[in-house]
Structure formats: structure tokens, C-alpha cells
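Structural overview
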Amino acid sequence: MRIHIIGGSGSGKSYIAERLKNKYHLEIIDLDTIEWKDNYNIKTPIETRKKELKKVVKKDNIIVEGVYYEWIQESLKKADYIFYLDIPYKTQRNRILKRSLYRKLGIYKTDRKETFKSIKDLLQWTKDYNSTLQPRIKKVLEPYKNKVYNVRGYDEIIKIIGGIK
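From a predicted model like this one, the values you see are computed outputs, not experimental measurements. (Residues numbered from 1 in each chain as written. Predicted model: local features only at pLDDT ≥ 70, side-chain atom pairs only at ≥ 80, totals over all residues. Heavy atoms only, no water.)

What about the overall build of the protein?
The following threshold applies: Numbering of helices and strands starts at the N terminus; helices are DSSP runs of H or I of at least 4 residues and strands are runs of E of at least 2. Atoms counted for the radius of gyration: C-alpha only. Globule rule: 2.2 Å times the number of residues to the power 0.38. Contacts between residues were defined by any pair of non-hydrogen atoms, one from each residue, lying within 4.5 Å. Residue-level accessible areas treat just the shown protein chains as cover; the underlying method is Shrake-Rupley with a 1.4 Å probe. We score Asp and Glu as negative and Lys and Arg as positive, and we do not count His or the chain ends. The atom standing in for a charge is NZ when the residue is Lys, CZ when it is Arg, CG when it is Asp and CD when it is Glu.
When you go through the protein residue by residue, the secondary structure sums to seven helices and seven strands. For the protein, the sequential pattern of α-helices and β-strands runs β-α-β-α-β-β-α-β-α-β-α-α-β-α. Taken over the C-alpha trace, the protein has a radius of gyration of 16 Å; the compact-globule value for 165 residues is 15 Å, and the two agree within 12%. A principal-axis box enclosing the C-alpha atoms of the protein has dimensions of 45 × 35 × 30 Å. In the protein, the proportion of contacts linking residues at least 24 apart, taken out of those at least 6 apart, comes to 75%. Summed over all atoms, the accessible surface of the protein reaches about 9800 Å², with 51% contributed by carbon and sulfur. Positive and negative side-chain charges of the protein, numbering 37 and 21 respectively, have mean locations separated by a distance of 2 Å.

Okay, here's the thing in C-alpha cells:
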């Protein structure tokens with residue numbers, strides 16, 4: 001089984017991927033690890049990203065998750081299911097703030113160096129994502145519409161996978 005999950009920051013991609021991993025014994029590929037070097041300060045060159053992704057999607061039993069849409073066609077082609085997380089901004093904002101607080105308190109372990117400015121920038125980016133990037137992403141997903149599902153959470157995904165298998 002190959003699953004691709006796409007959605008904005010705070011939409012629940014990592015949470016859902018972790019639950020699917022445990023239920024179906026899948027490997028998670030976080031696209032952030034391909035996109036970024038050096039703690040989110042330097043982007044990996046696009047050709048390198050595409051090559052890395054090509055290697056990754058040759059695997060069976062994977063979940064590829066991330067917010068990216070410009071260089072992920074190889075994953076979309078190979079996916080059995082593409083889940084687009086359609087989550088309201090207010091929910092995303094609250095999740096981002098909660099996650100940041102938990103990281104600061106050491107409840108969630110992370111290597112990321114978050115600052116007030118980086119959290120503020122992420123909230124603004126998420127707001128922009130919802131207003132301007134979503135239409136672009138939906139256009140990228142159009143050729144795969146027979147396997148794209150707009151969902152709001154894990155339970156919907158389980159119903160879809162269970163209903164198709």
C-alpha cells in the first residue's frame with residue numbers, strides 16, 4: 001500500500017501518518033526531510049529532491065506526507081491513495097500553537113529551533129496556504145482525481161481504505 005497525505009501545517013499529517021503506520025505497518029516518509037537541510041534554513045536543490053523522492057516511492061508499504069506540491073508528481077503517480085486534508089485555518093492555528101508550546105515545554109521532542117518569529121511566520125504562511133496555495137494544489141491533484149480523497153481526519157481515511165480493499 002502506498003499512501004500520500006497532503007495538507008497545510010497543523011492539518012494533522014504527521015499524526016495521521018503515525019496512526020496509519022501503526023495500523024498497517026507502513027514506513028513514513030516526511031517530505032520535510034527531503035525538502036530541507038540544516039534545520040529548515042537551507043532548501044535542498046529541486047533536482048536532488050526529485051531524485052530522492054524517486055528512490056523513496058519505489059518502496060512498498062509507505063506513507064509519504066507533506067505540504068509540498070510542486071515536485072511530488074512521482075509520489076502522486078505511485079500512490080494508491082492520496083488524502084488531501086481539508087482543515088479550517090482556525091483548527092490549524094490552534095494545533096500549531098499547541099505543538100509549539102509542547103515543544104517549548106519538552107513534551108514533544110524536536111530538533112527544530114522554534115522562535116516567536118518562526119511561529120508567527122508559520123501562522124502567516126498557513127493563512128496564505130489556505131487562501132492562495134490550496135487552489136494550486138488542487139490543480140496539481142486533478143490528474144489523479146480517481147484516487148484523491150478530501151478528508152478531515154483519520155477516521156474518514158480508515159473508512160475509505162476499509163471500503164476499497
